[in-house]
Amino acid sequence: MEQNIEDYKLIFEKEGVYLHTNAKRSNQDTTIPGFIRIVERAGVPALEWSPLEDEGRSAPAVLYTKKDGDGEEEDANYDPGYEPDWAVISTVKKDREHVPVRDSGPWSFSLPLSELYSLRRARFSLGRNFLVLTSRGGHPLPPLHFHRGGTRELFRAMNRYIILDQSPVDGRLFLAYPHDPGALSQSFDKLQLFDDGSDLVSRFIQDPYATTFGGFSKVTNFFKVALRPPGPATHSRAAHDPSFPPQSDEEPGFELINCGVELGPRPDVTRGRPLDKWEEFLDPEGQVKNPEKIKEIIFRGGVTPTLRKEVWKFLLGFYPWNSTHKEREDILRVKTDEYFRMKVQWKSVSEEQEMRNSLLKGYRSLIERDVSRTDRNNTFFSGNDNPGLTLLNDVLMTYCMFNFDLGYVQGMSDLLSPLLFVTQNEVESFWCLTGFMELVHQNFEESQEAMKKQLLQLSILLKALDPELCDFLDSQDSGSLCFCFRWLLIWFKREFSFEDILTMWEVVWSRLPCDNFHLLIACSILQSQRGELIGSDHDFNTILKHINELTMQLDLQTVLRGAEAIYLQLTQCKELPLKVQQVMGLYVPSSSEEDSPDSQASETLRLLAESQAGAASCDSAPVPTYP
């Protein structure tokens, strides 16, 4: 499409900005000189890069959008090096004006500044600066190398349209915010969700901790701007000019997490038998006599399939552990009535009413789309007109009534389908979902701070466990561990087989042996791949591709043994960094010596030693106990 010259305005231009292409492209130059520009097209400011040989001022071939279904498509010429299978899309949004573009070159890109989420400054080994840009949709933009300087001037030009605020987590990371303080007044129906068209992991681009949060959370990072707590935003900027981040040779650092001492050998761990007896744990009135022992058995070996329907309702809080048979009957009756009252609310909305409720209409549309492709290989959800699909749809719609603030977010269908498969009951699966969401709802909330925090915690753990692996990932712009985002978001649902995920979830629901055991599972997976990662000529793109290809290739029991062994190894370190202790829940501030971290760790080690001794004995030995 031709661009009207009156709609085009050049704001900033800098030559000598190079794009270092993937070496696998043998038929193309590995270093391409070009221009970086800030332009206004039809009044919309955008950051553009194009090769030196391009003579036009047009927007180039790859237009980065949020895959919002408004008709724009990404050009396939930019090959990120892996095959996508979970794309970022939006839902419940109004149409917006298109910015006219014209094809220019296979490596060119154009990013509206309103779509810039963050940028990260780094220095190449030769001393040159390069920038890693992150869009709000999580699209892969190539790093830009400034061979002739110019980052200060670029920041100054960008400041006309956006604010760049230094991250308190990583001094080299700067988050982009609009100048408009009334951002929150934007219509709620512009919230962005995500689609199953391409792999979530493959949408991630280089670095920042918050890179991909807009793609997988309910709300775009636009809302994060409006919801930031008030306070000075200039404390981390350069003292000489509070409007700009540190420049040139300044390399703000961030805390490195290292043990400072050897962790010691990682102990061998054995898994146990699943929970295969239930009635013997109930007293005559139906109360569970020893819930902690049951949790220990579940952590060690899961639950036998025939007992899951009953046990999961306790693990997920539908039934209290101390409830009697009679109390559970009353609970089920009350919860059934409550469920159907909520279901009637959305069932009774007429088509005419729904036309005036864009939010509910958007939820319904997204749920219908997701339900049609959730676990369709499972017999419970396979085929057309399957009643299991109807139940999946109805439970998710009713959850919107239960928690209208959160509503439906893509990924929740992945959480519900195993619950529905196990309970085979609409009401019970709903209340189990609410219990599960109590554990993970923050993953989907608009602030997105929970996902950011978990990626940071994972980074803290991995730095303590394997500094060499962390250094390698950092060298390939993968130190943010953004490729683990999907793992943490839906608790590895798409990484393991359906049957394996049933076992993994019930193990983690036991809440043993520590807080954030799912992060140790992620560490176990990453460390199992360290030889492949470090020993091969991987770059950022091929690391993403390799991690994505682990789907359905991991052995669950090996991963769980590794995660528990990591826990034991860390707790045996007498000088474990405080932040690592906090991530694992081993440190609780107290003035009492009995409650000090040292005494807690000692008690933990004693109990763990007893657990391991018990696991090594005969099958009839007492179940190992975790604190």
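Procedures and definitions
Numbers given to residues run from 1 along each chain, matching the order in which its sequence is written. Per-residue local features are limited, in this predicted model, to residues with pLDDT of at least 70; the limit for side-chain atom pairs, both in listing and counting, is 80 or more; totals at the level of whole chains, interfaces and linings are taken over all residues. Only hydrogens and water are set aside; all other atoms, that is, all heavy atoms of the structure, feed into the side-chain values. UniProt positions are given in the numbering used here, feature names are shortened, and annotations may be inferred rather than shown by experiment. A run of DSSP states H or I qualifies as a helix once it reaches four residues; a run of E qualifies as a strand once it reaches two. Both are numbered from the N-terminal end. Only protein chains enter the accessibility calculation, which uses a 1.4 Å probe. A residue is then buried if its area is under 20% of the maximum for its type, exposed if over 50%, and partly exposed in between. Contacts are assigned to residue pairs with any non-hydrogen atoms lying within 4.5 Å of each other. A 1.4 Å probe and the Shrake-Rupley method give the accessible areas. Residues count as covered only by the protein chains that appear here. Only strands that DSSP links by at least two bridges are regarded as paired with each other. Two aromatic rings, drawn from Phe, Tyr or Trp (for Trp, its six-membered ring), form a pair once their centres lie within 6.5 Å of each other, and the interplanar angle then sorts them: stacked below 30 degrees, edge-to-face above 60, tilted otherwise. Only lysine NZ and arginine CZ atoms are considered, and such an atom sits over a ring when it is within 6 Å of the ring centre and within 35 degrees of the ring normal. Salt bridges are counted wherever a side-chain nitrogen of Lys or Arg sits within 4 Å of a carboxyl oxygen of Asp or Glu. By this rule the span expected of a helix is its residue count minus one, scaled by 1.5 Å.

- Within an unreviewed UniProt entry, the label attached to the protein reads TBC1 domain family member 15, and the organism entered is Notothenia coriiceps.
- Regarding the protein, the relevant UniProt record gives this comment under Subcellular location (unreviewed entry): "Cytoplasm".
- Recorded in UniProt for the protein, the comment headed Function (unreviewed entry) runs: "Acts as a GTPase activating protein for RAB7A. Does not act on RAB4, RAB5 or RAB6."

## A closer look at the overall build of the protein
In step 1: Scanning the protein from N- to C-terminus turns up 21 helices and ten strands.
In step 2: For the protein, the residues scored as buried account for 57% of the 627 residues in total.
In step 3: Summarising the internal contacts of the protein: among those between residues at least 6 apart in sequence, 74% fall at separations of at least 24.
In step 4: Taken as a whole, the protein presents about 26300 Å² of accessible surface, with 49% of it coming from carbon and sulfur.

## Remarks on the pairing of strand S2 (residues 31-41)
In step 1: For S2, the tally of buried residues reaches nine of eleven residues, placing the bulk of the element in the interior.
In step 2: In this structure, strand S1 (residues 8-20) lies alongside S2, joined through eleven bridges in antiparallel fashion. Looking across to S2, one finds that Leu 19 is bridged to Ile 32.
In step 3: Where S2 and strand S3 (residues 44-51) come together, eight bridges link them in antiparallel fashion. Among the inter-strand pairings, Ile 38 is bridged to a residue of S3, identified as Leu 47.

## Examining the packing of aromatic side chains
In step 1: All told, the structure shown has 23 aromatic pairs when counted by the stated rule.
In step 2: Here Phe 380 and Phe 381 contribute two aromatic rings whose centre-to-centre distance is 4.9 Å and whose plane-to-plane angle is 85°, an arrangement assigned as edge-to-face. Each of the two residues, Phe 380 as well as Phe 381, counts as buried.
In step 3: By way of ring pairs, the aromatic residues Tyr 339, Phe 340, Tyr 399, Phe 402, Phe 430 and Trp 431 are connected into one cluster.
In step 4: Looking at Arg 328, its charged tip hangs above the ring of Tyr 319, at a distance of 6.0 Å from the centre.
In step 5: Note that Lys 335 overlies the ring of Trp 431, its terminal NZ or CZ placed 4.1 Å from the centroid.

## A look at the pattern of salt bridges
In step 1: This structure, assessed with the given rule, holds 25 salt bridges.
In step 2: The partner of Asp 414 in a salt bridge is Lys 493, and the shortest N-O contact between them spans 3.4 Å. Highlighted residues: Asp 414 in helix H10 (residues 412-423) and Lys 493 in the loop between helix H14 (485-489) and helix H15 (498-509), separated in sequence by 79 residues.
In step 3: With a relative accessible area of 5%, Lys 493 lands in the buried category.
In step 4: Put simply, Arg 530 and Glu 468 hold a salt bridge, and the shortest N to O gap is 3.1 Å. In this pair, Arg 530 sits in helix H17 (residues 530-534) while Glu 468 sits in helix H13 (residues 467-475), placing the two residues 62 residues apart along the sequence.
In step 5: Arg 530 sits in the partly exposed class, given a relative accessible area of 26%.
In step 6: Assessed through its relative accessible area of 47%, Glu 468 is described here as partly exposed.

## Considering helix H16 (residues 517-528)
In step 1: With twelve residues, H16 ought to run about 16 Å at 1.5 Å a step, and its terminal C-alpha atoms sit 17 Å apart, in line with that.
In step 2: In terms of burial, H16 is largely enclosed, as eleven of its twelve residues are buried.

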